[in-house]
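Descriptive structure summary
So the chains spell out like this:
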Amino acid sequence: MGWLRVLLALSVLLEHSGGIGGYTLIGGPLAVQCFFIISGFYMGLVLNERYDRPSLNRAFYLNRMLRIYGIYLVFLALHLTFFALVHWRTGGSPLSPYFDSPLPWHEKAGLALLNLTVIGQDLPLFLTVRDGHLAWTSHFAGSGAGEVFHFMAIPAAWSLSLELCFYALAPFIVRRPAWQIAALAGLSLLARAIAAANGLIADPFNYRFFPFELALFLTGTLAYKCWAAHKAAWAQPRLRLLALAVPLALASYRWWPGGWPVDAFFVPARLALLVVVAAGMPAIHAWRGRSAADRAVGELSYPLYLGHLLVLGLIAGVPALKASPDLLSLATVGAGLALAWAAVRLVDSRIEALRRTLAARAGARTDSKGG
C-alpha cells in the first residue's frame, strides 16, 4: 500500500504547488480522505492481528505516539528554524501572526501550544478573530479563520489531529463485529447528510470535521474485515485488476464527469472514487502487503506530507523556478522526496526500530507488518 500513500502525498503536494500543467491528480482534500480510508484499514489490521487484545492497548497508543510525534517534531523544528531565519533577515515570516495579531498573549500561547500537541490543530479551522479575541465560526474560507490557521507552523498537520482522534477510539471500535462498525459509520454519514441539508457543506465541514470523517476511517476498517474474512480468496491473481483500478482511478479522476459543487461530499464522482479506493484495499494488501519494497516506498509518504510546504517555501524564490510553475512543481516533488528519504534514513528508521522493540516487549504479535 506504500505506493498508494506516496501517490496521495504527491497529490497534496501538487495541489499546493499548482500542479504540472494544472494537473494535481485528485487534489488535496480528496487525497486526505483517501488517507483516512487507508488509516482505517491499517488500524483494523494492527489492532486485530498484532495488538489483538485489550491488554495491549497501552503499547498500541505508545507506538502510535512514537510514529506520529517522532518525525513530526523533527519537521516542526525545521519549519521553526527556517521561519526564524527568514523573520530575522526580512522582518516577516509565517511567525508574523504571533507578533502582529491583536489577539491577547494567552490566546496566542494556546495556539502556539497546538503546534506541539498536534491533536487540536483542526480547531483553528473553526475559529476566527472577532473584537480582538478568538470566536467560533462555521465557515473557514472568507470568515477570518484563515487568519487563525496561520498560527500553525505546519498547515497540513491539521489532518494528524483527526488521525489521533481515530487512534484514541480505534481499540474500542475496530475489534468489534463488522455490523457494529457499519452501524457507527452509517451514523457518521447520517450526521453529515443532516448537516449538508442544513447548508454545512463547505470547508471545514466537507473534509476536516472528525465526526463526519469517522465514516471514512470506519469504511477502511470494514475493508480490512472483508480481507480478513476471506484472505485466500483475495490472494487470487485476477483480483490484482481491482488493486490496479485504484491508481487508475486516481490518475484519471480529473476527467470524470463533473458539474457538481466542488465542496460537496455527496456528489457521484467523489463518492465513486472513495468507494473504488475502499474496495481496492483488500486486493492491494493481499498483493503487496508483505512487499519490503512497497513498505520502503510508503515510508516516504509521511515526511513528504509534512515537509513539502517547507521545500516549496525554500525553492519558490529561485528565479528559474519562479518563472515556470510547472518546473517549480517538478522541483518540489524531487526535493520533497529527497528530504523525505533523508528523514526516513536519519530519523524514522531509528524510531521504527524502537517501536518494534517496545511492541515485542509488550507481547504484541510479530507476524503482521507495522504497528
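Summary of the structure given here. (Residues numbered from 1 in each chain as written. Predicted model: local features only at pLDDT ≥ 70, side-chain atom pairs only at ≥ 80, totals over all residues. Heavy atoms only, no water.)

**Considering the overall build of the protein chain**
To be explicit about the condition: We count a stretch as a helix when DSSP gives it H or I for four or more residues in a row; a strand needs E for two or more, and each element gets its number in order from the N terminus. With the radius of gyration taken over C-alpha atoms, the globule rule is written as 2.2 Å times the number of residues to the power 0.38. Relative accessibility thresholds used throughout: buried, under 20% of the residue-type maximum; exposed, over 50%; partly exposed, between the two (1.4 Å probe, protein chains only). Contact between two residues is taken to exist if any of their heavy atoms lie within 4.5 Å; hydrogens are not considered. Surface accessibility in these figures is a Shrake-Rupley result with a 1.4 Å probe; residues are shielded only by whichever protein chains are displayed. Counting rule applied: Lys, Arg positive; Asp, Glu negative; His and chain ends not counted. The atoms used to mark charge sites are NZ of Lys, CZ of Arg, CG of Asp and CD of Glu.
Broken down by element type, the protein chain carries 16 helices and two strands. By the compact-globule yardstick of 21 Å for 371 residues, the protein chain fits well, its C-alpha radius of gyration being 21 Å. Principal-axis analysis of the C-alpha atoms gives the protein chain an extent of 60 × 50 × 45 Å. Sorting the 371 residues of the protein chain into buried and exposed places 49% on the buried side. Put simply, 75% of the contacts in the protein chain that link residues at least 6 apart link residues at least 24 apart. When the accessible surface of the protein chain is totalled, it reaches about 16500 Å², and 69% of it is carbon and sulfur. Of note, the protein chain has its 30 positive side-chain charges centred 11 Å away from the centre of its 18 negative side-chain charges.

**As for the pattern of salt bridges**
Condition: The term salt bridge refers to a pairing of a side-chain nitrogen on Lys or Arg with a carboxyl oxygen on Asp or Glu at a separation within 4 Å.
A complete count under the given rule lists 10 salt bridges for this structure. Two residues, Glu 49 and Lys 231, come together in a salt bridge whose shortest N-O distance is 3.4 Å. Note that Glu 49 is positioned in helix α2 (residues 28-49) and Lys 231 in helix α10 (residues 231-234), a separation of 182 residues in sequence. Residue Glu 49 is classed as buried on the basis of its relative accessible area of 12%. Taking the relative accessible area as the measure of exposure, Lys 231 reaches 38% and is therefore partly exposed. Close ionic contact of Arg 67 with Glu 299 constitutes a salt bridge, the shortest N to O distance being 3.3 Å.

**With respect to helix α9 (residues 210-229)**
What counts here: Helix span is expected to be 1.5 Å times the residue number reduced by one.
Between the first and last C-alpha of α9 there are 28 Å, a value that for 20 residues agrees with the 28 Å anticipated at 1.5 Å per step. Along α9, 14 of the 20 residues are buried, which leaves the element largely enclosed by surrounding structure.

**Comments concerning the packing of α2 against helix α12 (residues 268-288)**
Going by this rule: Axis definition: a line fit to C-alpha positions, over the contact stretch in the case of helices; interaxial angles, taken between N-to-C directions, run 0 to 180 degrees. Two helices crossing with the near one rotated counterclockwise from the far one by less than a right angle form a left-handed crossing, whereas a clockwise rotation gives a right-handed crossing.
Two elements in contact, α2 and α12, have axes separated by 10 Å at closest approach and are oriented at 35 degrees. Handedness of the crossing formed by α2 with α12: right-handed. On α12, the residues that touch Pro 29, Leu 30, Gln 33, Cys 34, Ile 37, Ile 38, Phe 41 and Leu 45 of α2 are Arg 270, Leu 273, Leu 274, Val 277, Ala 278, Met 281, Pro 282 and His 285.

**Focus on a nonpolar patch on the surface**
Which entries qualify depends on this criterion: Patch membership needs two things, relative accessible area over 30% and no salt bridge, and members are linked within 9 Å if like-charged or within 5 Å if nonpolar (Val, Leu, Ile, Met, Phe, Trp, Tyr).
A cluster of nonpolar side chains, namely Ile 20, Leu 327 and Leu 330, defines an oily patch on the protein surface of about 240 Å² accessible area. Considering the arrangement of structural elements, one finds Ile 20 in the loop between α1 (2-17) and α2.

**Quick notes on the pairing of strand β1 (residues 127-130)**
In summary, the side chains of a regular strand alternate between the two faces of the sheet. Basically, it comes down to this: Strand pairing is defined by DSSP finding a minimum of two bridges between the two strands.
Note: β1 against strand β2 (residues 133-136), four bridges, orientation antiparallel. Pairing of Arg 130 across the sheet is with His 133, part of β2. The hairpin turn running from β1 into β2, its antiparallel successor, is two residues long, and Asp 131 in that turn takes a positive phi close to 55 degrees.

**Observations regarding the nonpolar core**
Defined as follows: We define the nonpolar core as a collection of buried residues of types Ala, Val, Leu, Ile, Met, Phe, Trp, Tyr and Cys that are connected through side-chain atoms lying within 4.5 Å of one another.
Core analysis: the biggest nonpolar cluster contains 100 residues, and Leu 4, Leu 8, Ile 26, Tyr 51, Tyr 72, Phe 166 and Met 281 have the highest contact counts within it. Sort the elements by how many residues they give to this core and α2 lands first, with 13 residues. Beyond its immediate stretch of four places on either side in the chain, Met 281 contacts Met 1, Leu 4, Ile 37, Ile 38, Phe 41 and Ala 223.

**Thoughts on the packing of helix α14 (residues 301-315) against helix α16 (residues 325-362)**
Applicable threshold: Comment on the angle field: the value is read as roughly parallel under 35 degrees, roughly antiparallel over 145, roughly perpendicular from 65 to 115, and oblique elsewhere. Each residue receives one of three labels: charged for Asp, Glu, Lys and Arg, nonpolar for Ala, Val, Leu, Ile, Met, Phe, Trp, Tyr, Cys and Pro, and polar for the others, Gly being one of them.
For the pair α14 and α16, the least separation of the axes is 8 Å and the interaxial angle reads 130 degrees. The angle between the axes of α14 and α16 places the two elements in the oblique class. The hand of the α14/α16 crossing is right-handed. For the pair α14 and α16, contact is made by Pro 303, Leu 304, Gly 307, His 308, Val 311, Leu 312 and Ile 315 and by Leu 328, Ala 331, Thr 332, Ala 335, Gly 336, Leu 337, Leu 339, Ala 340, Ala 343 and Val 344, respectively. Of the residues in the contact of α14 with α16, the class split is 13 nonpolar, four polar and no charged.

**As for the side chain of Ser 161**
Note on placement: Ser 161 falls in helix α7 (residues 158-169). Residue contacts for Ser 161: discarding those within four places in its chain leaves Val 118, Ile 119, Gly 120, Gln 121 and Asp 122.

What is shown is where atoms sit, not what they do.
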